[in-house]
Amino acid sequence: MSVIPRSFYKHTKTLYYLRKFYSQNDFAKFKNVLNTAKQVVVLTGAGISAESGVPTFREPEGLWRKLEASILYNPVTFREDPGLVWEYYHYIRELVLKAQPNAGHIAVAQYERRHAAKKLVTVLTQNVDGLHARAGTRNFIELHGNMFKTRCTKCNEVLVNTDSPICPALAGTGSPTSDKLVSDIKEKDLPHCQKPDCGGLLRPHIIWFGEVLETSVVEKADIVMSECNVCLVVGTSSIVYPAAAFPTVMAAGGSIIAEFNIEPSPASPKFDFYFQGPSATTLPQALSD
Ligand code: BJW
Ligand code: ZN
């Protein structure tokens, strides 16, 4: 038999909901908290790029060829059919090359610049689209890599590559609505390492499911999380680990956590502030002086 009375749980649940709704859309209160912060972390996910036209990961209508994220972003799929995975990356690279950072990315970059003398602002992003850098953010950590970098599957060399297309065989491929789930492209026609003694198949420099984040990246993230006073959690479903655990780690270290999302996430009840709406609207409001 439990030694904790049922009434305790009832009480805890009430507090949980009070906390959730207490600071919803309270920009003035958030700004007071933010003003006192010396170190600010902005943890971003796909939602911050949604208004730049970049699809998010878990809306059925946004799925490339209706493939589940756990299948498409998986090293086993790349090993079995690298052509199919490269077709997806050709599609998304072309889309992102034409996209522009939106008001949310820009608000974060301008906040960093305006407060550079007094605050350390770090963007921890799960996104691989490079839009924070293009908006002018200087201090960022790309947790899951970058779609404009390649990694050699043989020698592991990482290189920036913004070629469009990345190889001739991919030109005109990658339609998101096609029902083809096997690629016609032969492996020899995909991008390969140019080092004369290597020639290995290149892959996007991205962390897929079941792969571990780079140690140096995790170490840098650990340092900023341990020193953070306020964290903005923007446009993430907070279901993919390890990033999903970061706000909890920061809250345990005493940080105030504010979420910006069009709808509550499973993590919302744990946070101190919740700003409902598109981040291209709410971030400029929250980060203006
Ligand atoms: C807006 C908006 C607007 C929309 N304004 N908001 C059980 C427990 C714990 C862990 C695991 C587990 N089972 C398996 C795992 C491990 C796995 C995992 O977490 N799986 C979960 C699904 C359960 N994690 C891993 O494998 C990681 N590695 C790892 O853990 O290594 C150790 C290990 C190895 C083996 C076994 C176990 C452990 C690696 C994860 C790498 C994730 N990579 C991806 C693919 C990148 C490919 C690419 O981009 O090209 O990264 S997956 C995908 O999800 C992508 C994203 O960065 C990531 C997070 O998604 P995000 O950003 O949150 O986007 P969405 O679409 O989910 O949400 C968008 C949000 O925006 C929504 O909330 C909207 O409401 C909102 N929104 N419009 C504001 N305008
Ligand atoms: Zn190589």
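Residues numbered from 1 in each chain as written. Chains lettered and ligands numbered in written order. Predicted model: local features only at pLDDT ≥ 70, side-chain atom pairs only at ≥ 80, totals over all residues. Heavy atoms only, no water.

1. Focus on the coordination of the zinc ion (ligand 2)
Reasoning step 1: Here the zinc ion (ligand 2) is held by the protein donor atoms C152 (SG), C155 (SG), C193 (SG) and C198 (SG), which lie 2.3 to 2.4 Å from it.
Reasoning step 2: Relative to the metal, the four donor atoms surrounding the zinc ion (ligand 2) lie at angles of 98 to 116°, and the coordination shape comes out tetrahedral.
Reasoning step 3: For the zinc ion (ligand 2), the donor residues sit on a single chain with the sequence spacing C-x2-C-x37-C-x4-C. With C152 in strand β4 (residues 145–152) and C193 in the loop between β5 (158–160) and β6 (202–206), the pair connects residues that are 41 residues apart, well separated along the chain. (Donors = N, O, S within 2.8 Å, 3.2 Å for Na, K, Ca; no water. Tetrahedral: all angles 85-135°; square planar, octahedral: opposite > 155°, others 65-115°. Helix = DSSP H or I, 4+ residues; strand = E, 2+ residues; numbered from the N terminus.)

2. A short note on the sheet that holds β5
Reasoning step 1: Pairing in this open sheet of three strands is antiparallel, and the strands run β5-β4-β6 from one edge to the other. Only two strands of the sheet have a single neighbouring strand rather than two, namely β5 and β6. With direction set aside, neighbouring strand axes in the sheet form an average angle of 45°.
Reasoning step 2: Note: β4 against β5, three bridges, orientation antiparallel. Each residue of the ladder has a partner; that of K149, found in β5, is V160.
Reasoning step 3: Strands in contact with helix α6 (residues 82–98) are β4 and β6; relative to β4, the strand with the most contacts, it is inclined by about 140°. (Pairing = 2+ DSSP bridges. Axes fitted to C-alpha atoms, helices over the stretch in contact; angles between N-to-C directions. Contact = heavy atoms within 4.5 Å.)

3. Description of the pattern of salt bridges
Reasoning step 1: One pass over the structure, following the stated rule, counts five salt bridges.
Reasoning step 2: Among the salt bridges present, the one from D184 reaches K180, with a minimum N-O distance of 2.5 Å.
Reasoning step 3: A relative accessible area of 62% means that D184 is categorised as exposed. (Salt bridge = Lys/Arg side-chain N within 4 Å of Asp/Glu carboxyl O. Buried < 20%, exposed > 50% of the residue type's maximum accessible area, 1.4 Å probe, protein only.)

4. Structural notes on the packing of aromatic side chains
The way to describe two aromatic rings as a pair is by their centre distance and the angle between their planes.
Reasoning step 1: For the structure shown, the criterion picks out 13 aromatic pairs.
Reasoning step 2: Here F30 and F275 contribute two aromatic rings whose centre-to-centre distance is 5.5 Å and whose plane-to-plane angle is 65°, an arrangement assigned as edge-to-face. Of this pair, F30 sits in helix α2 (residues 27–36) while F275 sits in strand β9 (residues 273–276), and the two are 245 residues apart along the sequence.
Reasoning step 3: A relative accessible area of 0% places F30 in the buried class.
Reasoning step 4: Among the aromatic residues, those joined into a ring-pair cluster are F57, W64, Y73, F78, Y88, Y89, Y91 and W208. (Phe/Tyr/Trp six-rings, centres within 6.5 Å; stacked < 30°, edge-to-face > 60°.)

5. Details of the site of ligand 1
Reasoning step 1: Of all residues adjacent to ligand 1, which total 32 residues, the nearest are R58, Y89, T236, S237 and N261.
Reasoning step 2: Contact between ligand 1 and Q126: an oxygen atom at 3.0 Å from a main-chain N or O atom of the residue.
Reasoning step 3: In the complex, the protein chains occlude 75% of the 1,500 Å² of accessible area that ligand 1 would expose alone.
Reasoning step 4: Of the residues that constitute the shell around ligand 1, the class distribution is 16 nonpolar, twelve polar and four charged.
Reasoning step 5: Each of two domains, domain 1 (1–54 + 101–144 + 214–289) and domain 2 (57–98 + 147–206), supplies a minimum of three residues to the shell around ligand 1. (Near = heavy atom within 4 Å. Polar contact = N/O pair within 3.5 Å; in protein donor to acceptor, adjacent residues only side chain to side chain. Areas by Shrake-Rupley, 256 points an atom, 1.4 Å probe, with all protein chains shown as cover. Nonpolar A, V, L, I, M, F, W, Y, C, P; charged D, E, K, R; others polar. Domains from an automatic or database assignment.)

6. Brief notes about the pairing of β4
Within a regular strand, side chains alternate between the sheet's two faces.
Reasoning step 1: Most of β4 sits out of view: seven of its eight residues are buried.
Reasoning step 2: For β4 and β6, the ladder comprises five bridges, and the chain directions are antiparallel. Within β6, the position partnered with N146 by the bridge is H205.
Reasoning step 3: Once β4 ends, the chain turns through five residues before running back antiparallel as β5, passing N156 with a positive phi of about 70°.

7. Examining the packing of α2 against helix α11 (residues 279–287)
Reasoning step 1: Running from N to C, α2 and α11 point in directions that differ by 55°, and their axes come no closer than 9 Å. If you check the angle between α2 and α11, you find them oblique. On α11, the residues that touch F27, F30, K31 and L34 of α2 are T282, Q285, A286 and L287. (Parallel < 35°, antiparallel > 145°, perpendicular 65-115°, else oblique.)

8. Digging into the domain arrangement of the protein chain
It is common to give the size of an interface as the accessible area lost on bringing the parts into contact.
Reasoning step 1: According to the domain assignment, the protein chain consists of domain 1 (1–54 + 101–144 + 214–289) and domain 2 (57–98 + 147–206).
Reasoning step 2: When each unit is reduced to the centre of its C-alpha atoms, the spacing between domain 1 and domain 2 is 30 Å.
Reasoning step 3: Each partner contributes residues to the interface: domain 1 has twelve residues there, and domain 2 has eleven residues.
Reasoning step 4: At the boundary of domain 1 with domain 2, total buried surface from both sides reaches about 820 Å², with 60% on carbon and sulfur atoms.
Reasoning step 5: Seen at the junction of domain 1 and domain 2, the total is zero salt bridges.
Reasoning step 6: For the pair domain 1 and domain 2, the interface holds three residue pairs in polar contact (both at pLDDT 80 or more). (Buried area = accessible area lost by both parts, 1.4 Å probe.)

9. What to know about the side chain of T137
Reasoning step 1: For T137, the position within the fold is in the loop between α8 (131–135) and β3 (140–142).
Reasoning step 2: Excluding residues within four positions of it along the chain, T137 makes contact with V108, A109, E112, V123 and H132.

10. Regarding the pairing of strand β2 (residues 120–125)
Reasoning step 1: When you tally the buried positions in β2, you get five out of six residues, the bulk of the element.
Reasoning step 2: Relative to β2, strand β1 (residues 39–44) runs parallel, the two sharing six bridges. In the sheet register, Q39 faces β2, and the bridge partner there is L120.
Reasoning step 3: Where β2 meets β3, three bridges bridge the pair, whose relative direction is parallel. Counterpart to V123 in the pairing with β3 is F140.

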